[in-house]
Amino acid sequence: QGVVPLPPGAPSFARAFRASGSGTRAEMTTESFRKDIAQKLTAVQSSEDEGAKVEFPSSLTSSDRKYVHKIAESFKLHTQSSGVGEIRFITVYKNVPDGQEAKR
């Protein structure tokens, strides 16, 4: 069960968010952010590893995480948020992880 690796040369949206500072809603919906999310979720969805997952950094805002949850749902993937406050992060799984029930 591994984290799906990023393709070589893939941009790090987390680094871009840290550099940009505010993490506003406008930044969340940038084309590069949407493409990055879609690429990562496509990699999980198409992985032959049934335990495939991708972890998103705690630097995402709550709006960013909400967007990831919504898009992951459209990919028929499963999500789980962990942590509290500034250390909260989201993990997206190909299949429902052990100990979690599928959402209906």
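Structure first, text after, so check above.
As a starting point, this report considers the structure included with it. Every chain's residues receive numbers from 1 upward, in the order its sequence appears when written. Selection of residues for local features in this predicted model requires a pLDDT of at least 70, selection of side-chain atom pairs for listing and counting requires 80 or more, and totals for whole chains, interfaces and linings are taken over all residues. Just so you know, side-chain values use all the structure's heavy atoms and leave hydrogens and water out.

Viewed as axis vectors pointing N to C, helix H3 (residues 31-46) and helix H4 (residues 62-74) meet at an angle of 45°, and their least axial separation amounts to 11 Å. In terms of orientation, H3 lies oblique with respect to H4. Viewed along their axes, H3 and H4 form a crossing whose handedness is right-handed. Taken together, the residues of H4 that come into contact with H3 (itself represented by Phe 33, Arg 34, Ile 37 and Leu 41) are Asp 64, Tyr 67, Val 68, Ile 71 and Ala 72. Asp, Glu, Lys and Arg are counted as charged, while Ala, Val, Leu, Ile, Met, Phe, Trp, Tyr, Cys and Pro are counted as nonpolar; the rest, among them Gly, fall into the polar class. In terms of residue class, the contact of H3 with H4 is built from seven nonpolar, no polar and two charged. For every element, the axis is a line fit to its C-alpha atoms; helices are fit only across the contacting stretch, and the angle between N-to-C directions ranges from 0 to 180 degrees. Helix and strand labels come from DSSP, where a helix needs a run of H or I of at least four residues and a strand needs a run of E of at least two; each type is numbered from the N terminus. Here roughly perpendicular refers to angles of 65 to 115 degrees, roughly parallel to angles under 35, roughly antiparallel to angles over 145, and oblique to all remaining angles. In this scheme the crossing of two helices becomes right-handed for a clockwise turn of the near helix relative to the far one and left-handed for an anticlockwise turn of less than a right angle. Contacts were defined at the residue level, with two residues in contact if any of their heavy atoms lie within 4.5 Å.

To continue, consider the pattern of salt bridges. Any Lys or Arg side-chain nitrogen located within 4 Å of an Asp or Glu carboxyl oxygen qualifies as a salt bridge. This model, assessed by the stated rule, comprises four salt bridges. A salt bridge links Lys 35 to Glu 31; the shortest N-O distance between them is 3.1 Å. In this pair, Lys 35 and Glu 31 are both assigned in helix H3, four residues apart and thus about one turn of the helix distant. Classification of residues uses two cut-offs on accessible area relative to the type maximum, computed with a 1.4 Å probe and protein chains only: under 20% is buried, over 50% is exposed, and between them is partly exposed. The exposure class assigned to Lys 35 is partly exposed, which follows from its relative accessible area of 49%.

Moving on, we come to H3. With 16 residues, H3 should cover 22 Å at 1.5 Å per step; its first-to-last C-alpha distance of 22 Å lies within 8% of that length. Listed in full, the buried residues belonging to H3 are Phe 33, Asp 36, Ile 37, Lys 40, Leu 41 and Val 44. The buried residues of H3 occupy one face: seen down the axis, they fall within an arc of 120°. Summarising the geometry of H3, the exposed residues directed more than 90 degrees from the buried face are Ser 32 and Ser 46. Multiply 1.5 Å by the residue count of a helix minus one, and that product is the helix's expected span. For this quantity, the arc is that covered by the directions from the helix axis to the C-beta atoms.

Time to look at the sheet that holds strand S1 (residues 53-56). Two strands qualify as a pair provided that DSSP identifies no fewer than 2 bridges between them. The strand order across the open sheet formed by three strands is S1-S3-S2, and the pairing between neighbours is antiparallel. Strands at the two margins of the open sheet, each flanked by one partner only, are S1 and strand S2 (78-82). Averaged over all adjacent pairs, the angle separating strand axes in this sheet is 20°, with direction ignored. Relative to strand S3 (residues 89-93), S2 runs antiparallel, the two being bridged by five bridges.

In terms of nonpolar packing, the biggest core is built from 16 residues, with Ile 37, Leu 41, Phe 56, Val 68, Leu 77 and Val 92 touching the most fellow members. Contributing elements (two or more residues each) for this core: H3, S1, H4 and S3. Take the buried residues of types Ala, Val, Leu, Ile, Met, Phe, Trp, Tyr and Cys, join any two whose side-chain atoms come within 4.5 Å, and each joined set is a nonpolar core.

Further remarks concern the pairing of S3. With four of five residues buried, S3 is to be regarded as a mostly interior element. Of the pairings in the sheet, the one linking S1 to S3 comprises four bridges and is antiparallel in character. Within S3, the residue paired with Val 54 across the bridge is Val 92. Linking S2 back to S3 in an antiparallel pair, the connection comprises six residues, with Gly 83 at a positive phi of about 85°.

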